[in-house]
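Next come the chains, spelled out residue by residue.
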Amino acid sequence: MSTRSVLVVTHTGRPEAVRSAQLVIERLSTAGIAVRVLENEARDIGCTGVDVMPGNAAAAEDAEVVMVLGGDGTLLRSADLTRGSRTPLLGVNLGHVGFLAEAERDDLAATVDRVVDRRYDVEERMTIDVTVRRNGSVMGTTWALNEASIEKAERERMLEVVAEIDGRPLSNWGCDGVVCATPTGSTAYAFSAGGPVVWPEVEAMLVVPISAHSLFARPLVVSPRSLVAVEVLDGTPRAVLWCDGRRTLDLPPGARVEVRRGVEPVRLARLHLTPFTDRLVTKFGLPVTGWRGRVRQPSHPSLTADGEASDGQRG
């Protein structure tokens, strides 16, 4: 019996994802690798000979890799399963942009072969840990791979908050919310809110006010060692905390959201050592027409018989 196993997580609401999961399971099983699926997805996938696992961290324990078939939302859901086990995630994009995914649907068979042959690298992505307090008492703790966002819960009223960096007050904002993001999340919600794109290897945290009525409401890039806090002021409408668009907590007036670098990173499997610049161009369809690349100069200009530089190198 094989000692190798792979967990397959699927966006079963998409027929294409179900068909892709069936193909992946068939190819992995043929290669002698045990396949796990989540119990709430097993019926929709309909494959036999798989190990049906509960939808918790035990599903990824001791698995080589988690193959995620869907979009970024499916990968973020899978990150909940793997964070404790440190099993790497390998995303196959079946959605739209799919910025976290490593492979596209057209490369599915080749991607499975790379998993079978163990031909992939693993990189760690920074996370953030989030603590919510009120009157000194902890209301809740959570984490995020992309971002924690403090948002107004009532459309017709503005949210009033005060931001704090490393124990010092920074500014009050009347706003729709504040996004605290990782470099990985800089291309997600923080990007839509006007924040900068940060290369994944840069260790930093982003603080991005959303639609703030303030003269000072620029996106901030702070140290990964910083403690960022956002306090919901008394008398303001109630707010809500969202982490990766999945985990949520109501924030009453007086609530304080503290964000710091996460203790546990998320591990992503990489098939291609593609420069991040190329990924930006591909995923966002950026125009690069007219780019000629670096003009290479000869290291030593050739000399004519009289010792003068040739090929346009004369002074």
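Just so we're clear, the structure is a prediction, and the values are computed from it rather than from any experiment.

Student: I tried to follow the pattern of salt bridges on my own but got confused; where do I start?
Tutor: In a structure, side chains of opposite charge can pair up when their charged atoms sit close to one another. If you walk through the whole model with that rule in mind, you get 25 salt bridges. Close ionic contact of arginine 4 with glutamate 64 constitutes a salt bridge, the shortest N to O distance being 2.6 Å. Remark: glutamate 64 occurs in the loop between strand E3 (51-53) and strand E4 (65-70) and arginine 4 occurs in the segment before strand E1 (5-10); sequence separation between them is 60 residues. For the pair arginine 4 and glutamate 64, a shared accessibility class is recorded, and that class is buried. For glutamate 258, the salt bridge identified is with arginine 133, shortest N-O distance 3.0 Å. Of this pair, glutamate 258 sits in strand E19 (residues 256-261) while arginine 133 sits in strand E8 (residues 128-134), and the two are 125 residues apart along the sequence. The exposure class of glutamate 258 is buried, given its relative accessible area of 7%. A single salt-bridge network, built from bridges that share partners, covers Glu102, Glu123, Arg125, Arg270 and Arg279.

Student: What is the right way to look at the packing of aromatic side chains in this model?
Tutor: Geometrically, a pair of aromatic rings is defined through the distance of the ring centres and the angle of the planes. Evaluation of the coordinates by the stated rule reveals four aromatic pairs. Ring plane angle 40° and centroid distance 5.3 Å describe the contact between phenylalanine 99 and phenylalanine 284, whose orientation is recorded as tilted. In this pair, phenylalanine 99 sits in the loop between strand E5 (89-93) and strand E6 (103-104) while phenylalanine 284 sits in helix H6 (residues 276-284), placing the two residues 185 residues apart along the sequence. The buried category is assigned to phenylalanine 99, whose relative accessible area is 9%. Residue phenylalanine 284 is classed as partly exposed on the basis of its relative accessible area, which comes to 28%. Ring geometry for tryptophan 199 versus phenylalanine 276: centroids 4.9 Å apart, planes at 70°, classification edge-to-face. Of the two residues, tryptophan 199 sits in the loop between helix H5 (189-192) and strand E14 (205-210) while phenylalanine 276 sits in helix H6, which places them 77 residues apart along the sequence. Assessed through its relative accessible area of 31%, tryptophan 199 is described here as partly exposed.

Each value, and the rule that gives it
Residues numbered from 1 in each chain as written. Predicted model: local features only at pLDDT ≥ 70, side-chain atom pairs only at ≥ 80, totals over all residues. Heavy atoms only, no water. Salt bridge = Lys/Arg side-chain N within 4 Å of Asp/Glu carboxyl O. Helix = DSSP H or I, 4+ residues; strand = E, 2+ residues; numbered from the N terminus. Buried < 20%, exposed > 50% of the residue type's maximum accessible area, 1.4 Å probe, protein only. Phe/Tyr/Trp six-rings, centres within 6.5 Å; stacked < 30°, edge-to-face > 60°.

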